[in-house]
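Spelled out, the chains give:
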Amino acid sequence: SNYEKGVYFTFDNFLEKNKFLKLDKKTNYYKILKNSKLIIFNDYSSGFLQNLSLNYPSIVYLPLGLSFIHNENKADFEELIKKNLIFTDIKKLNDHLDQIWNNIDVWWNNKTIIRTREIFLEKYSLKPSLNSLSKFSDTLKKFN
């Protein structure tokens, strides 16, 4: 929903060359997830982490590379590049999509890909406990 033409020219070019791809900025996000084979993010975001946690096939295209990632975290992101979860090269992204498109579930459920996702999520996206919202609410009430 946050895509705006003219922000990432490489992504704009990618969409122009792949007119079969549709951007839907109005439909409920979870409805889109359930009806999608693969979600492609054009930036690293909490949405990508959420999709990994929810086990929705997702990748990120970063046309500007990893320049925004702190040096101490780059190795983790480079691992995602090696495993084709993050792309900085449009040709590699296109080639990967050509390879997996008919069998996305086979790629996504590969043991190596699963383990890579799990390790990344352990570092960058902790799952909340079952009653975390109630605890958070109770904490806020204390300050009221």
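Here the structure is a predicted model, which is why all the values come from computation and not from measurement.

Chemist: Let's hear about the nonpolar core: which residues, and what values?
Modeler: The tendency in soluble globular proteins is for nonpolar side chains to be buried as a group. Grouped together as the largest cluster of nonpolar side chains are 32 residues, with contacts concentrated most on Ile 59, Leu 93 and Trp 107. When residues no more than four places from it in sequence are discounted, the contact partners of Trp 107 are Leu 38, Ser 58, Ile 59, Lys 83, Asn 84, Leu 85, His 96, Ile 100 and Ile 113.

Chemist: Lay out the sheet that holds strand S3 (residues 86-87) in plain terms, naming residues and giving numbers.
Modeler: Reading across from one edge, S1-S2-S3 is the order of the three strands in this open sheet, with parallel pairing throughout. Of all strands in the sheet, those with a lone pairing partner are strand S1 (39-41) and S3, marking the two edges. Pairing analysis gives two bridges linking strand S2 (residues 58-61) to S3, with the strands arranged parallel. By the bridge assignment, Tyr 61 is partnered in S3 with Phe 87. Strands in contact with helix H5 (residues 90-100) are S1, S2 and S3; relative to S2, the strand with the most contacts, it is inclined by about 160°.

Chemist: Pulling in residues and values, what's your account of the packing of aromatic side chains?
Modeler: Enumeration over the complete set of coordinates arrives at nine aromatic pairs. Note on Phe 77 and Tyr 124: the rings are 5.6 Å apart at their centroids and 65° apart in plane angle, and the pair reads as edge-to-face. On the criterion of sequence distance, the pair formed by Phe 77 in helix H4 (residues 74-82) and Tyr 124 in helix H7 (residues 111-124) is long-range, its members being 47 residues apart. For Phe 77, a relative accessible area of 2% puts it in the buried group.

Chemist: Now, about the side chain of His 96: what can you tell me, with residues and values included?
Modeler: With respect to the helices and strands, the residue His 96 is situated in helix H5. His 96 sits in the buried class, given a relative accessible area of 4%. Those residues within four positions of His 96 in sequence are excluded, and the remaining contacts are Asn 84, Phe 87 and Trp 107.

Chemist: Explain the pairing of S2 residue by residue, including any values.
Modeler: Taking every second residue as pointing to the same face, both faces of S2 are buried, with Ser 58 and Val 60 on one and Ile 59 and Tyr 61 on the other. Inspection of the sheet shows S1 paired to S2 by three bridges, in the parallel sense. By the bridge assignment for S2, Ile 39 is matched with Ser 58. Tracing the backbone out of S1, into helix H3 (residues 46-54) and back to the parallel element S2 gives a crossover that is right-handed.

How each quantity is defined
Residues numbered from 1 in each chain as written. Predicted model: local features only at pLDDT ≥ 70, side-chain atom pairs only at ≥ 80, totals over all residues. Heavy atoms only, no water. Core = buried A, V, L, I, M, F, W, Y, C linked by side-chain atoms within 4.5 Å. Buried < 20%, exposed > 50% of the residue type's maximum accessible area, 1.4 Å probe, protein only. Contact = heavy atoms within 4.5 Å. Pairing = 2+ DSSP bridges. Helix = DSSP H or I, 4+ residues; strand = E, 2+ residues; numbered from the N terminus. Axes fitted to C-alpha atoms, helices over the stretch in contact; angles between N-to-C directions. Phe/Tyr/Trp six-rings, centres within 6.5 Å; stacked < 30°, edge-to-face > 60°. Right-handed = clockwise from strand over helix to strand, strands pointing away.

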